[in-house]
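# Remarks on the overall topology
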Amino acid sequence: MKLFPGFSRRKISTSGARINLVTGGKGPAVLLLHGYPETHVMWHKVAPALARDYTVVCADLRGYGDSSKPKGLPDHANYAKRAMAQDMAEVMTRLGHRSFHLVGHDRGGRVAHRLARDHGTRVCSLAVLDISPTLRVFENTDMALARAFFHWFFLIQSAPMPERMIGSMRRDYLLGRIGRGPTGMKAFPQAVQREYLRCFDARGIHGSCEDYRAAATIDLVHDRKSRQKKLAMPVLALWAKHSPVGTMFDCLADWRAVAKDVRGRALDCGHFLPEERPRDVLRELRRFFARV
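Below you will find a few notes about this structure. In this text the structure is predicted, and so the values were computed from the model without any measurement.

What follows concerns a positive patch on the surface. Together, Arg9, Arg10, Lys11, Arg18 and Arg94 make up a region of like positive charge exposed at the surface. Tallying contributions element by element places strand β1 (residues 8–13) first for the positive patch, with 3 residues. Tracing the backbone through its elements, the reader meets Lys11 in strand β1. Residue class for Lys11 comes out partly exposed when judged on its relative accessible area of 42%.

Before going further, it helps to examine the pairing of strand β7 (residues 235–240). Of all 6 residues making up β7, 6 are buried, and the element is well covered by its neighbours. Residue alternation in β7 divides its side chains into two sets, Val235, Ala237 and Trp239 and Leu236, Leu238 and Ala240, and both sets are buried. Of the pairings in the sheet, the one linking strand β6 (residues 123–129) to β7 comprises 4 bridges and is parallel in character. Considered in β7, the bridge of Leu129 is made with Leu238. Relative to strand β8 (residues 262–267), β7 is paired through 6 bridges, and the arrangement is parallel. Residue Ala240 lies in a different strand from β8, and its bridge partner there is Leu267.

Next up on the list: the packing of helix α2 (residues 81–94) against helix α3 (residues 107–118). Relative orientation of the contacting elements α2 and α3 amounts to 75°, with a least axis distance of 8 Å. Classified by the angle between their axes, α2 and α3 sit roughly perpendicular to one another. Of α3, the residues touching α2 (which contributes Lys81, Arg82, Met84, Ala85, Met88 and Ala89) are Arg107, Arg110, Val111, Arg114, Leu115 and Asp118. Of the residues contributing to the contact of α2 with α3, the split by class is 6 nonpolar, no polar and 6 charged.

If you trace the 8 strands from one edge of the open sheet to the other, you get β1-β2-β4-β3-β5-β6-β7-β8, paired in mixed fashion. The sheet is open, and its two borders are formed by β1 and β8, each paired with just one other strand. Each strand axis lies, on average, 20° off the axis of its neighbour in the sheet, ignoring direction.

Before going further, it helps to examine the side chain of Arg62. Mapped onto the secondary structure, Arg62 falls in the loop between β4 (55–59) and α2. Judged by relative accessible area, Arg62 falls into the buried class, the value being 5%. Side chain to side chain, Arg62 and Asp87 meet in a polar contact 2.9 Å long. Sequence-distant contacts of Arg62, that is, excluding residues within four places in its chain, are made with Gly16, Ala17, Ile19, Ser67, Ser68, Pro70, Asn78, Tyr79, Ala83, Met84 and Asp87.

What follows deals with the nonpolar core. Across soluble globular proteins, nonpolar side chains have a tendency to be buried as a group. With 96 residues, the main nonpolar core has Leu31 and Trp43 as its most contacted residues. When near neighbours in sequence (up to four residues on either side) are disregarded, Leu31 contacts Val57, Ala59, Met88, Met92, Phe100, His101, Leu102, Val103 and Leu115.

For the bond from Tyr36 to Pro37, the omega torsion is 0°, close enough to zero to count as cis. In this fold, Pro37 is placed in the loop between β3 (29–33) and α1 (47–50). That bond from Ala159 to Pro160 is cis: its omega, 5°, falls within 30 degrees of zero. Within the element layout of this structure, Pro160 appears in the loop between α6 (150–155) and α7 (161–167).

Conventions adopted
- Residues numbered from 1 in each chain as written.
- Predicted model: local features only at pLDDT ≥ 70, side-chain atom pairs only at ≥ 80, totals over all residues.
- Heavy atoms only, no water.
- Patch = residues over 30% accessible without salt bridge, like charges linked within 9 Å, V, L, I, M, F, W, Y side chains within 5 Å.
- Areas by Shrake-Rupley, 256 points an atom, 1.4 Å probe, with all protein chains shown as cover.
- Salt bridge = Lys/Arg side-chain N within 4 Å of Asp/Glu carboxyl O.
- Lys, Arg positive; Asp, Glu negative; His and termini not counted.
- Charge placed at Lys NZ, Arg CZ, Asp CG, Glu CD.
- Helix = DSSP H or I, 4+ residues; strand = E, 2+ residues; numbered from the N terminus.
- Buried < 20%, exposed > 50% of the residue type's maximum accessible area, 1.4 Å probe, protein only.
- Pairing = 2+ DSSP bridges.
- Axes fitted to C-alpha atoms, helices over the stretch in contact; angles between N-to-C directions.
- Parallel < 35°, antiparallel > 145°, perpendicular 65-115°, else oblique.
- Contact = heavy atoms within 4.5 Å.
- Nonpolar A, V, L, I, M, F, W, Y, C, P; charged D, E, K, R; others polar.
- Polar contact = N/O pair within 3.5 Å; in protein donor to acceptor, adjacent residues only side chain to side chain.
- Core = buried A, V, L, I, M, F, W, Y, C linked by side-chain atoms within 4.5 Å.

Structure (structure tokens):
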């Protein structure tokens, strides 16, 4: 485990998937959820330091990494954030963590949002990195947002068109997504790039498309049913100064619309905060956890 020294790897079967994870450290539990098109490896600069004071769990979401990558159902329900959140709730139960801090970047933030809604008594705190709530994004889409978030509308097209197009240029597509920030590929060591590419196989491409298809369909149904009740746990919103989220959304206002207690700020980086600004992310998380 060169990227996660002292961590152990496990695979845990849930009611709907088999989830790959690494875990290490000792203390209150923290669950870290990754974004697109990455895996749990995105936390390699944050998790080992955080594990000095916390029991850290870094899991691959359903459809990503070395977790199950099932074929999507016609209604995309097996990639609903509710199903993906249920995976994580069951994983934490199996690991013996009744309650835990929850941190999600990008797609992991959307799973974390649903996990906090469906299993709120277990979530001590919620940190969301470089996202506004899914419903907020879709209900406020305009030409500028559609251009900035073009992949949202590409990936939701019917299978297998997006899968085949991405598969035909898999390497260039993936590296283009992660390297689009102000520092290019500097934040992503070759070993990490290789790991992301290894996991971005045909099933991983399909699983990630299904994640987005669910977000544009069944997730919106669930989110609309939940919109009247605000999250009770403290929420930390961090966003990137140089990403579309940072330039096109008011993250604090967006999260205060769905949660009672929200704090946060922008970091001077692109979309991939834990890899581009790991020290800042670690510092903000430590301060946040200490207040809860």
